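Given next are the chains, with one letter for each unit.
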Amino acid sequence: MEFIRIFIEGIVATTVMTTFSYVLANITKKEFREPELLNDLLSRSNLYRLKLSKKSAAGWILHYLIGWMFVILIEAAWLSELVEASVLSGALLGFLGGVIGIFGWKILFWINNNPPKISWSDYYIQLVIAHVLFGISTAIIYLLW
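Here goes a summary of the coordinates provided. (Residues numbered from 1 in each chain as written. Predicted model: local features only at pLDDT ≥ 70, side-chain atom pairs only at ≥ 80, totals over all residues. Heavy atoms only, no water.)

**Some points on the overall build of the chain**
And step 1. Within the chain, the secondary structure is distributed over 5 helices and 0 strands.
And step 2. The linear arrangement of helices and strands in the chain, starting from the amino end, is α-α-α-α-α.
And step 3. Against the globule reference of 15 Å for 145 residues, the chain gives a C-alpha radius of gyration of 15 Å, in line with a compact fold.
And step 4. Summarising its shape, the C-alpha atoms of the chain cover approximately 45 × 30 × 25 Å along the three principal directions.
And step 5. Out of the 145 residues belonging to the chain, those deemed buried represent 46%.
And step 6. In the chain, the share of contacts with a sequence separation of at least 24, taken over all contacts with a separation of at least 6, comes to 70%.
And step 7. Accessible surface, the chain: about 8,000 Å² in total, of which carbon and sulfur atoms supply 74%.
And step 8. Computed over 11 positive and 10 negative side-chain charges, the separation of the two mean positions in the chain equals 17 Å. (Helix = DSSP H or I, 4+ residues; strand = E, 2+ residues; numbered from the N terminus. Rg over C-alpha atoms; globule rule 2.2 N^0.38 Å. Buried < 20%, exposed > 50% of the residue type's maximum accessible area, 1.4 Å probe, protein only. Contact = heavy atoms within 4.5 Å. Areas by Shrake-Rupley, 256 points an atom, 1.4 Å probe, with all protein chains shown as cover. Lys, Arg positive; Asp, Glu negative; His and termini not counted. Charge placed at Lys NZ, Arg CZ, Asp CG, Glu CD.)

This is the structure:
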């Protein structure tokens with residue numbers, strides 16, 4: 001049963017986060033679309049030569065796999081009783097996930113000698129907000145389950 005809950009949390013939370021990023025990208029005309037950035041980085045890498053379009057499934061699959069990893073970390077915090085499961089703790093753990101996400105993206109951009117040209121500060125601010133929404137979504141599914 002926990003596997004099914006984690007699977008659903010990952011789908012819902014990653015979808016909520018990604019929807020926020022896509023909507024904000026459309027409003028601001030800035031690149032905040034995580035799956036497309038992942039495809040771009042994979043295509044520009046010196047470590048491997050993948051020719052992916054921005055819309056390729058690879059970025060989406062990788063994005064959702066990372067989402068499930070974050071859900072597992074959030075669930076581990078709740079199940080270990082490190083923090084009590086709540087919408088507030090979900091938001092706080094999402095915020096922490098956003099900070100971790102910033103470091104992950106910085107590493108991806110750093111190891112890529114030709115990273116996409118985006119507004120880094122704007123991207124990281126939206127990334128933290130998106131992860132807060134991710135954590136809240138995870139908490140809601142967890143608490144309703």
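**Here we look at the packing of helix α3 (residues 57-79) against helix α5 (residues 120-144)**
And step 1. One can describe the packing of α3 onto α5 by two numbers: an axis separation of 11 Å at closest approach and a directional angle of 60°. One element, α3, and the other, α5, form an angle in the oblique class. Of the two elements, α3 crosses α5, and the hand of that crossing is right-handed. Mapping the contact onto sequence places Gly67, Phe70, Val71, Ile74, Glu75, Trp78 and Leu79 in α3 and His131, Phe134, Gly135, Thr138, Ala139 and Tyr142 in α5.
And step 2. For the contact of α3 with α5, the per-class residue count stands at 8 nonpolar, 4 polar and 1 charged. (Axes fitted to C-alpha atoms, helices over the stretch in contact; angles between N-to-C directions. Parallel < 35°, antiparallel > 145°, perpendicular 65-115°, else oblique. Left-handed = near helix turned anticlockwise from the far one by under 90°. Nonpolar A, V, L, I, M, F, W, Y, C, P; charged D, E, K, R; others polar.)

**What about the side chain of Ser137?**
And step 1. Here Ser137 shows up in helix α5.
And step 2. For Ser137, a relative accessible area of 10% translates into the label buried.
And step 3. A polar atom in the side chain of Ser137 sits 2.8 Å from the backbone oxygen of Leu133.
And step 4. The residues contacting Ser137, other than those within four sequence positions of it, are Val12, Ala13 and Val16. (Polar contact = N/O pair within 3.5 Å; in protein donor to acceptor, adjacent residues only side chain to side chain.)

**Re the nonpolar core**
And step 1. Counting 27 residues, the largest nonpolar core has Trp78, Trp105, Phe109, Tyr123, Tyr124, Leu127 and Phe134 as the members making the most contacts within it.
And step 2. Those elements giving two or more residues to this core turn out to be α1 (2-28), α2 (34-44), α3, α4 (87-111) and α5.
And step 3. Top contributing element to this core by residue count: α5, with 8 residues.
And step 4. Look past the residues within four positions of Tyr123 in its chain and what remains in contact with it is Glu31, Phe32, Glu34, Leu37, Trp105 and Ile118. (Core = buried A, V, L, I, M, F, W, Y, C linked by side-chain atoms within 4.5 Å.)

**With respect to α4**
For an α-helix, 3.6 residues make a turn, and residues three or four places apart therefore share a direction.
And step 1. For α4, spanning 25 residues, the distance from its first C-alpha to its last is 35 Å, which sits close to the expected 36 Å at 1.5 Å a residue.
And step 2. Those residues of α4 that are buried are in contact with α2, α3 and α5. (Expected span 1.5 Å × (residues − 1).)

**Details of α2**
And step 1. The buried count for α2 comes to 10 of 11 residues, which makes it a mostly enclosed element.
And step 2. Every buried residue belonging to α2 is among Glu34, Pro35, Glu36, Leu37, Leu38, Asn39, Asp40, Leu41, Leu42 and Ser43, and all of these are buried.
And step 3. Residues of α2 that are buried make contact with α1, α3, α4 and α5.

**Let's talk about the environment of Glu31**
And step 1. Inspection of the secondary structure puts Glu31 in the loop between α1 and α2.
And step 2. Looking at Glu31, the relative accessible area reads 17%, which means it is buried.
And step 3. Put simply, Glu31 and Ser119 are 88 residues apart on the chain and 7.8 Å apart in space, counted from C-alpha to C-alpha.
And step 4. Apart from the residues lying within four places of it in its own chain, the contact partners of Glu31 are Glu36, Leu37, Lys54, Ile118 and Tyr123.
And step 5. At 3.2 Å, the side chain of Glu31 and the side chain of Lys54 are in polar contact.

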